[in-house]
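Tertiary structure, described
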Amino acid sequence: MIEISGLNKYYAGRRGLDRVHALADVNLTVNSNEFLTVLGPSGCGKTTLLKIIAGLVPFEHGDVRIDGEAIKGPGPERSMVFQNFALMPWASVLRNVAFGLELRKVAKDERTERARDLIRMVGLEGFESRYPAELSGGMQQRVGLARALAVEPRVLLMDEPFSALDEQTRRLLQEQLIDIWEKSKTTVVFITHSMDEAVLLGDRVVLMTVRPGRVEQTLHVPLPRPRNRDMERTSEFTGITGLLWDRLRVMQEEQVETTSSIPKPQAHAVEVE
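The model shown is predicted, which means the values in this text are computed figures rather than measured ones.

Before going further, it helps to examine the packing of helix H2 (residues 93–103) against helix H3 (residues 108–121). Relative to each other, H2 and H3 sit at 125°, their axes nearing to 9 Å. Relative to H3, the element H2 lies oblique. Considering the relative orientation of H2 and H3, their crossing is right-handed. Judged by residue contacts, Val 93, Leu 94, Val 97, Ala 98, Leu 101 and Glu 102 of H2 engage Arg 111, Thr 112, Arg 114, Ala 115, Arg 116, Leu 118 and Ile 119 from H3.

With that settled, consider the environment of Gln 141. Examined against the element boundaries, Gln 141 turns out to sit in helix H4 (residues 137–150). A distance of 2.5 Å separates the side chain of Gln 141 from the backbone oxygen of Pro 161, its partner in a polar contact.

Okay, the sheet that holds strand S1 (residues 2–11) next. Strand order in the open sheet formed by four strands is S2-S1-S4-S5, with antiparallel pairing between adjacent strands. Every other strand in the sheet has two partners, leaving strand S2 (20–30) and strand S5 (69–70) as the edge strands with one partner each. Bridging between strand S4 (residues 61–66) and S5 involves two bridges; their strand directions are antiparallel. Residue pairing for S5: Ile 66 is matched across the bridge by Glu 69.

Across five bridges, the pairing between S1 and S4 is antiparallel. For Asn 8, the partnering residue across the bridge sits in S4 and is His 61. Connecting S4 to the next strand, S5, in antiparallel fashion are two residues, including Asp 67 with a positive phi near 50°.

In this structure, Glu 232 sits in the loop between strand S10 (215–220) and helix H7 (235–261). In this structure the side chain of Glu 232 is engaged in a polar contact, spanning 3.3 Å, whose partner is the side chain of Arg 171. Those residues within four positions of Glu 232 in sequence are excluded, and the remaining contacts are Arg 171, Leu 200, Phe 237 and Thr 238.

To continue, consider the packing of aromatic side chains. Counted according to the given criterion, the structure contains three aromatic pairs. Between Phe 35 and Phe 190, the ring centres sit 5.9 Å apart and the planes meet at 40°, which makes this aromatic pair tilted. Of this pair, Phe 35 sits in strand S3 (residues 35–39) while Phe 190 is found in strand S8 (residues 187–192), placing the two residues 155 residues apart along the sequence. Seen from their ring centres, Phe 162 and Phe 190 are 5.9 Å apart, and the 55° between their planes marks the pair as tilted. In this pair, Phe 162 is assigned in the loop between strand S7 (155–159) and helix H5 (167–184) and Phe 190 in strand S8, connecting sequence segments 28 residues apart. The exposure class of Phe 162 is buried, given its relative accessible area of 3%. Taken together, the ring pairs connect Phe 35, Phe 162, Trp 181 and Phe 190 into an aromatic cluster. Here the basic side chain of Lys 9 rests over the ring of Tyr 11, its NZ or CZ set 4.9 Å away from the ring centre. Lying across the ring of Tyr 10, Arg 19 places its NZ or CZ 3.8 Å from the centre.

The sheet built from six strands is open, its strands ordered S6-S7-S8-S3-S9-S10 with mixed pairing. Of all strands in the sheet, those with a lone pairing partner are strand S6 (78–81) and S10, marking the two edges. Neighbour-to-neighbour, the strand axes of the sheet open up by a mean angle of 20°, direction not taken into account. Sheet analysis places S7 next to S8, joined by five bridges and oriented parallel. Note on S8: the bridge partner recorded for Val 155 is Thr 187. Sitting on the sheet, helix H1 (residues 46–54) is in contact with S3, S6, S7, S8 and strand S9 (204–208), with an inclination near 150° to S7. Each of S6 and S7 touches H4; the most contacted strand, S6, lies at about 175° to it.

With omega at 0°, the peptide bond leading from Arg 211 into Pro 212 counts as cis. Relative to the helices and strands, Pro 212 is located in the loop between S9 and S10. Look at Asp 25: it is not a glycine, yet its phi comes out positive at around 50°. Relative to the helices and strands, Asp 25 is located in strand S2. Here the phi dihedral of Lys 105 falls at roughly 65°; this positive angle occurs in a residue that is not glycine.

Cut-offs used in this document
- Residues numbered from 1 in each chain as written.
- Predicted model: local features only at pLDDT ≥ 70, side-chain atom pairs only at ≥ 80, totals over all residues.
- Heavy atoms only, no water.
- Axes fitted to C-alpha atoms, helices over the stretch in contact; angles between N-to-C directions.
- Helix = DSSP H or I, 4+ residues; strand = E, 2+ residues; numbered from the N terminus.
- Parallel < 35°, antiparallel > 145°, perpendicular 65-115°, else oblique.
- Left-handed = near helix turned anticlockwise from the far one by under 90°.
- Contact = heavy atoms within 4.5 Å.
- Polar contact = N/O pair within 3.5 Å; in protein donor to acceptor, adjacent residues only side chain to side chain.
- Pairing = 2+ DSSP bridges.
- Phe/Tyr/Trp six-rings, centres within 6.5 Å; stacked < 30°, edge-to-face > 60°.
- Buried < 20%, exposed > 50% of the residue type's maximum accessible area, 1.4 Å probe, protein only.
- Lys NZ or Arg CZ within 6 Å of the ring centre and 35° of its normal.

Here you go:
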């Protein structure tokens with residue numbers, strides 16, 4: 001279980017500008033074995049929140065715990081899948097997938113067997129000796145997913161992992177992720193800009209506000225599991241995505257009005273992820 005209470009995060013301003021309040025009083029609980037999706041306007045701090053859970057970014061105020069233990073940095077119980085694949089270009093698919101196990105001093109035969117099983121699971125059998133440059137974007141992201149799963153994390157953190165992919169590949173990987181999660185039941189926190197993706201994948205959808213990011217609403221997704229594409233045509237699916245869009249549209253309009261009324265600073269502002 002992930003427990004976040006009173007979380008605040010600031011970024012220092014550049015060239016004398018006031019510091020940027022990225023996250024404000026975020027309170028959130030992620031249940032064990034839950035697939036939680038996080039949705040919000042650009043710049044609302046979604047990625048910052050994920051990096052804080054990963055232990056990659058410090059925070060000023062609040063408390064973040066996993067199974068009761070305070071987060072003080074990266075830990076072996078967490079794995080992260082990045083938007084930009086983050087593969088080692090000089091290493092083969094097999095070496096990339098097995099890398100986390102290698103760092104943990106797992107015996108070569110054991111880590112190779114585990115890596116091969118996961119490569120097969122994500123549909124890349126036969127590509128073990130290929131290098132990232134020889135793979136499509138979708139194939140590279142499958143390698144990234146297999147690498148994250150290789151260390152058998154209790155928590156899987158995913159930062160818009162499919163956003164750079166074409167629509168067909170994205171939909172295929174969504175279906176594959178659903179299948180993998182149904183088998184592993186790992187606790188997942190999944191950042192996305194897509195309302196359809198958030199509802200299709202998530203047990204709950206967390207909707208965040210414009211900066212400073214707050215949890216405005218958490219919606220339960222009543223769709224049964226296992227999930228499939230036919231559910232996108234149900235009234236439950238369209239009803240939830242409609243609610244999300246109505247609120248996001250209001251947020252975007254308010255953000256545009258606020259931005260247009262503020263004089264532009266002479267220095268560059270800090271951009272929040």
